[in-house]
Every structure is written in structure tokens, then in C-alpha cells.
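Survey of secondary and tertiary structure
Here are the chains, one letter per residue:
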Amino acid sequence: MITEFDTSLPSIRQVQSLIKQTTPAEFKLLTGDVITGRVLWQDPHCVCIVDENSEQTTIWKQAIAYIKPKTS
């Protein structure tokens, strides 16, 4: 069981970069759903996304197929 962040992992650093830069991203889930928004926070198990309507969605990391930063 993960109890703390391993910031040496590239995936953790990538999501932290998205948070710091407030870069919108596309999250494709294993269900086929796509959620787009800014990452507010992450913990060892989940990420929280806020969309253009200021609605927050918490996603379990194990449900994510891929994360793709959105470009303007």
C-alpha cells in the first residue's frame, strides 16, 4: 500500500507540473469516458479535476487509461 508520494516517479512529477502550471488536461478513463479540466490536487490514490463549470470530480488513479495535456 502506498503511504506517501514518490516524487522521483515521472508520472507524479507530470501531474504536479499540470497542477503548478494550471494546464488543462484530458483524462481518458478505462470505461471510455473522457474528462477534461485542470488538476486541482493529487494524492497517492486519486486526482481531483475541475471543469469549465467549476465542478470537481475525484478520479481513482487506477481508473485512468491516459492523461494528455491540452494545448491551446
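Residues numbered from 1 in each chain as written. Predicted model: local features only at pLDDT ≥ 70, side-chain atom pairs only at ≥ 80, totals over all residues. Heavy atoms only, no water.

**A short note on the pairing of strand S4 (residues 56-60)**
Bridging between strand S3 (residues 46-50) and S4 involves five bridges; their strand directions are antiparallel. By the bridge assignment for S4, Val50 is matched with Gln56. Adjacent in sequence and paired antiparallel, S3 and S4 are bridged by five residues, among which Ser54 carries a positive phi angle near 65°. (Pairing = 2+ DSSP bridges. Helix = DSSP H or I, 4+ residues; strand = E, 2+ residues; numbered from the N terminus.)

**As for the UniProt feature "domain: Hfq-related" (unreviewed entry) in the chain**
Within this numbering scheme, the UniProt entry marks residues 9-69 as carrying the feature "domain: Hfq-related" (unreviewed entry). For the annotated span residues 9-69, helix accounts for 20% and strand for 51% of the residues, and the straight-line distance between the end C-alpha atoms is 18 Å. (UniProt positions renumbered as here; feature names shortened; annotations may be inferred.)

**Some words on the sheet that holds strand S2 (residues 34-42)**
Taken in spatial order, the five strands of this open sheet run S4-S3-S2-S1-S5, and their pairing is antiparallel. The sheet is open, and its two edges are formed by S4 and strand S5 (64-69), each paired on a single side. Taken over all neighbouring pairs, the strand axes of this sheet differ in orientation by 45° on average, direction set aside. Relative to S5, strand S1 (residues 24-29) is paired through five bridges, and the arrangement is antiparallel. Bridge pairing in S5 links Leu29 to Ile64. (Axes fitted to C-alpha atoms, helices over the stretch in contact; angles between N-to-C directions.)

**Focus: the side chain of Gln42**
Residue position: Gln42 is located in strand S2. A distance of 2.8 Å separates a polar atom in the side chain of Gln42 from a polar atom in the side chain of Gln16. Looking at Gln42, its side chain comes within polar contact range of the side chain of Lys61, at 3.0 Å. (Polar contact = N/O pair within 3.5 Å; in protein donor to acceptor, adjacent residues only side chain to side chain.)

**With respect to the environment of Thr58**
In this structure, Thr58 sits in strand S4. A relative accessible area of 47% means that Thr58 is categorised as partly exposed. It is 5.7 Å that separates the C-alpha atoms of Thr58 and Val47, two residues lying eleven residues apart in sequence. When neighbours within four sequence positions are excluded, Thr58 is seen to be in contact with Trp41, Cys46, Val47 and Cys48. (Buried < 20%, exposed > 50% of the residue type's maximum accessible area, 1.4 Å probe, protein only. Contact = heavy atoms within 4.5 Å.)

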